[in-house]
Amino acid sequence: MDPSMPSDHGEHESGTPPPAPDLTGPASEPSRPGQPQPPGPGRAEPPPGPPPPSSATGSAAAPPSFPDTDLAAGDGLTLDPPDTAPHRLPLRSLIGGISPRALWGLFPAFFVLRDTGLGFIAILAAFFVVAQVARFIVWTRFRWGFDGQVVRISSGILWQRDRAVDVERIQQVEVQRPLLHQVMGTAVVTVETASEGGESEIRLDGLDNDTATALQAAILTARRRQLAAAPGAPPPDPTGTAPSTIDTEEPTTSILKPPVADLVRSALTGSSLLVVPVSILALGEFAFDVFGNDIDEVATEAARAGARLGYLTVAMVVLVVGAIGAVVTTLLRDWDIELVRRGDDLRLTRGLLTRHATTIPLHRLQVVQYRQNWLRRAMGAGTLVVHSAGGGTPASPNEGGGAKMSIPWVTTADLPGVLGAALERSLRTHGDLPENPHRHPPAARRRLVWKWARGLAALVGLVVAAVAVLDVNGLVTVGGSGWAGVLLAALLFVAGGAWLFSGTQYRRLGHTSTPRVVLVTGGVLGATSDWMPLGRLQGVEGTSTVFQRRLDLASVHLAPAGTGNAPVVITDVATATADDLGDHFTLVAAGRPATIGTSAAVAVPPPVRQDAGSGSPPVLDPTTRPGIGPGGGPGPRPGPTMPSGPPRGPGHPAETEHHVDP
Amino acid sequence: MFDDIPARTLHPNMRWVWVARGLFITVIVTAVPLAVATIVAAATETAVLWWPAVVIGTIALAWSVTWAFLAWPRWRWDVTEIALTLHRGVLTHHVTGLPFFRIQHIDVQQGPLDRALGMSQLRVHTASISAQLPGIDADEAASLRTDLLDRAARAAAEVTDGSVDAV
């Protein structure tokens, strides 16, 4: 019995930083007295008295309370006292953990050192010994523990790291037995959550077999119990819901199927036009490799041939070939592209020679981006990219969670339908898509003027410097009055360009939000729109640089889940607005639904209709509603800078009351 | 949350950690141009051009020490009802709201200097951003983490809206 103990080479309760006895008591208590000060002074927290959620649910439901001894008995694993990580890995984990790959790493050294003969072996041995000593020292400091609620590891010699993962956040527990481990009778246990990093959050390399399986079982049991204890809670883990299994026959509905003509249009208006020129450049490099020093002759010959044909003809040929290349590559990639909805998944299939299928479960969808360059905007279409949290989720093992899918040609007429399908989970409860983005304050324009002026000045500076160099070398004669002209032209160009571009960019800046979806628009000549379902908002960050603060501006970053998903940024809104948006979206990210409608009304300034000329946000649905949710605020809607305290108050108790079980 | 300054400050010793880090950066920043200058000097057989390195080093030193003392009062944090709130930044101000509901796991880290000065740092991970909270009293770090994890578990139990997903 008690397979965890054999690994316990000596006591080592003391080895871990947190003094166990201190914490057991207070830890399970919801709000302990000596604990972090109550929410700071000021308006922040409206509900009178102590916040109901913490006091009530904490003691009643008390999911974080600690060991069930029967759990321990059932699974053959003794649970540790809370907040401790008492166990070492067995000593033989050091042998099991030797990685053959690391030995391969020494292979190059062989070539460097083979002439040293015996010395080589000595060096190798020294390396090995040093590495093993280092590993031994690391091993002495490694501890793990599981108290029925939290899995802990603590490691590190100089830099000590102590990690705690709550069972509820655990996505996966895996037990692996590589070859060497099998020989040693050990296993590798990896515990994964949905955190931003790519690797496992916890890795116990060399746990003995019994402990490994017992630990896995104990964690899974605890997790199941946790989920059962909170029936209302959405399973924080897609594993439990398994919404997208391929075997179940879900009805599929086609959402969008751009015809070939549209694919050709997208090929001729986008960056795929560059495919051929870029490959010609690459080919040139290849030609250089092939012809070597004869390249000059070949080039001269080509130039002579070109001259015979006329350069205009050559340019035309290159253009036509480029266009054909773009069309061919696009058709190869996107032939017969179709976006369908199957069950709760979005599925995109495409490709001529090889068919690609990407599946994004709707509950993993993070951001929908609509991108129009100026050509596509003029043609009333754009590219739609759907980002998911990515990563191989256990929910869709067969198709691997695609990180994103992109549809090259979506007309503005088709857009509402596609958005409606993609954001369906969010629209189910609160009908409408956000529209009529709020304009940003005029100070944002001023900042854009400076930005453009800076960029254009750098560009012009380069040109002027180049002219100056030519002048000095006598290739061009500018002369005194010529320089005055050049500088004047440069100045006019910078000023005019900055004014013009800042104007167009400013007109595109916009943001708005319903209780469920936020929309942020931007762009300069083209237009961009980002929709983000708020149900998956992970965190909020407000930033203001020195320059922004001088203009009383700030930006709000909304972080979606998933590695590599850039945040959606509301750039350059008034500081007061940014503060309100920050508060509001933090509440939203905390999953406080009842408050959302209320504080949206408060946080977001009254809508200003974006002028039709800028046309950046595609017109979505004729049934307009100013981007405020159906809930609306109680009473009259206050102005933009109104502190969001009072109106939010009523929302809280309403939301919390059905959890506060008496 | 976003517009009022949170109540809690970092451990006062955090300034010395930052100063130490500034010294380290200064050494690197000075050593690189000095090394380049020495190599150039050796190649061209001229005297070592030392003053650029000294100027850079002085600026780096002055800024990093000033920064340490400017950053400390700017760094404020608190645990509000729904989120961990961090305010920080000297030139660019950052305000982060990290709802407990989104917390995936929390690391407590302690470097050698931290240990000497009786501090730990917390690293709070969500499914997208992770926030670092340095300069927490070493005795308090573990209980703070327990508290945050507790709140995270409770928050998860409270959220009942179907369209709210943890990830």
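If you're wondering where the values come from, they're calculated on a predicted model, not measured in any experiment.

Draft legend 1. The overall build of chain A, seen in detail. Helices and strands together make up the secondary structure of chain A, namely 23 helices and 19 strands. Taking all 662 residues of chain A together, 47% fall into the buried category. Contacts spanning at least 24 positions in sequence make up 65% of the contacts within chain A whose residues lie at least 6 apart. Carbon together with sulfur atoms contributes 66% to the accessible area of chain A, which is approximately 30,800 Å² in total.

Draft legend 2. Highlighting helix α14 (residues 311-334) of chain A. All names here are of chain A. Its 24 residues give α14 an end-to-end C-alpha distance of 34 Å, which sits within 8% of 34 Å, the value for a rise of 1.5 Å per residue. Buried within α14 are the following residues: G322, G325, A326, V327, T330, L331 and D334. Buried residues in α14 make contact with α11 (260-269), α12 (275-291), β9 (345-350) and β13 (404-411).

Draft legend 3. The arrangement of the sheet that holds strand β6 (residues 202-208) of chain A in detail. Residues and elements named next belong to chain A. One open sheet holds the 3 strands; their spatial order is β4-β5-β6, and the pairing between them is antiparallel. Each edge of the sheet is formed by a strand with only one pairing partner; in this case those strands are β4 (172-176) and β6. Strand-to-strand, the axes of this sheet are offset by a mean angle of 20°, without reference to chain direction. Here strand β5 (residues 186-192) runs beside β6; their pairing, made up of 6 bridges, is antiparallel. Bridge assignment links A187 to a residue of β6, and that residue is L207.

Draft legend 4. Quick peek at the sheet that holds strand β16 (residues 527-533) of chain A. Residues and elements named next belong to chain A. Pairing is antiparallel across the open sheet formed by 6 strands, whose spatial order is β13-β12-β11-β16-β15-β14. Two strands in the sheet have a free side with no partner beyond their single neighbour: β13 and β14 (510-513). Recorded for the sheet is a direction-independent mean angle of 15° between the axes of neighbouring strands. By the bridge criterion, 6 bridges tie strand β12 (residues 381-388) to β13 in an arrangement that is antiparallel. Considered in β13, the bridge of L384 is made with I407.

Draft legend 5. Structural context of the domain arrangement of chain B. Residues and elements named next belong to chain B. Domain boundaries in chain B define domain 1 (11-72) and domain 2 (76-158). Taken over C-alpha atoms, the centre of domain 1 sits 31 Å from the centre of domain 2. Taken together, the contact pairs 10 residues of domain 1 with 10 residues of domain 2. Between domain 1 and domain 2, the buried area comes to about 820 Å², and carbon and sulfur atoms account for 77% of it. Together, H11, M14 and V17 form the three largest contributors to the area buried by domain 1 at its contact with domain 2, with a combined 52%. Where domain 1 meets domain 2, there are 2 residue pairs in polar contact (both at pLDDT 80 or more). A per-class count over the side of domain 1 that touches domain 2 returns 8 nonpolar, 2 polar and no charged.

Draft legend 6. How the structure looks around unusual backbone geometry. Residue and element names in this part refer to chain A. For N436, which is not a glycine, the phi torsion comes out positive at approximately 50°. For N436, the location among the structural elements is in the loop between α17 (424-427) and α18 (442-472). Overall, the relative accessible area of 16% leaves N436 in the buried class.

Draft legend 7. Representation of the packing of aromatic side chains in the model. For the structure on display, the rule yields 4 aromatic pairs over all chains. Ring plane angle 25° and centroid distance 4.6 Å describe the contact between W452(A) and F501(A), whose orientation is recorded as stacked. Linking W452(A) in helix α18 with F501(A) in helix α19 (residues 480-508), this pair joins segments that are 49 residues apart in sequence. A relative accessible area of 23% places W452(A) in the partly exposed class. On the basis of relative accessible area, F501(A) is assigned to the partly exposed category, the value being 26%. An angle of 80° between the planes, with centres 5.6 Å apart, marks the rings of W16(B) and F69(B) as edge-to-face. Placement of W16(B) in helix α1 (residues 14-44) and of F69(B) in helix α2 (residues 51-74) is noted, with a sequence separation of 53 residues between them. Owing to a relative accessible area of 45%, W16(B) belongs among the partly exposed residues under this scheme. Across the ring face of W139(A), the terminal group of R88(A) is positioned such that the distance to the ring centre comes to 5.1 Å. Sitting above the plane of the W72(B) ring, R15(B) keeps its charged end 4.5 Å from the centroid.

Draft legend 8. Layout of a nonpolar patch on the surface. Residue and element names in this part refer to chain A. A cluster of nonpolar residues, L91, V129, V133, F136, I137, V138, I157, L158 and W159, forms a patch on the protein surface that exposes about 820 Å² of accessible area. Here I157 lies in the loop between β2 (150-155) and β3 (160-166). For I157, a relative accessible area of 37% translates into the label partly exposed.

Draft legend 9. Spotlight on the packing of helix α13 (residues 295-309) of chain A against α14(A). All names here are of chain A. In the contact formed by α13 and α14, the axes pass within 6 Å of each other and the chain directions differ by 105°. Relative to α14, the element α13 is oriented roughly perpendicular. Here A303, G306, A307 and L309 of α13 lie close against α14, whose contacting residues are Y311, T313 and V314. Looking at the contact of α13 with α14, its residues break down into 5 nonpolar, 2 polar and no charged.

Conventions adopted
Residues numbered from 1 in each chain as written. Chains lettered and ligands numbered in written order. Predicted model: local features only at pLDDT ≥ 70, side-chain atom pairs only at ≥ 80, totals over all residues. Heavy atoms only, no water. Helix = DSSP H or I, 4+ residues; strand = E, 2+ residues; numbered from the N terminus. Buried < 20%, exposed > 50% of the residue type's maximum accessible area, 1.4 Å probe, protein only. Contact = heavy atoms within 4.5 Å. Areas by Shrake-Rupley, 256 points an atom, 1.4 Å probe, with all protein chains shown as cover. Expected span 1.5 Å × (residues − 1). Pairing = 2+ DSSP bridges. Axes fitted to C-alpha atoms, helices over the stretch in contact; angles between N-to-C directions. Domains from an automatic or database assignment. Buried area = accessible area lost by both parts, 1.4 Å probe. Polar contact = N/O pair within 3.5 Å; in protein donor to acceptor, adjacent residues only side chain to side chain. Nonpolar A, V, L, I, M, F, W, Y, C, P; charged D, E, K, R; others polar. Phe/Tyr/Trp six-rings, centres within 6.5 Å; stacked < 30°, edge-to-face > 60°. Lys NZ or Arg CZ within 6 Å of the ring centre and 35° of its normal. Patch = residues over 30% accessible without salt bridge, like charges linked within 9 Å, V, L, I, M, F, W, Y side chains within 5 Å. Salt bridge = Lys/Arg side-chain N within 4 Å of Asp/Glu carboxyl O. Parallel < 35°, antiparallel > 145°, perpendicular 65-115°, else oblique.

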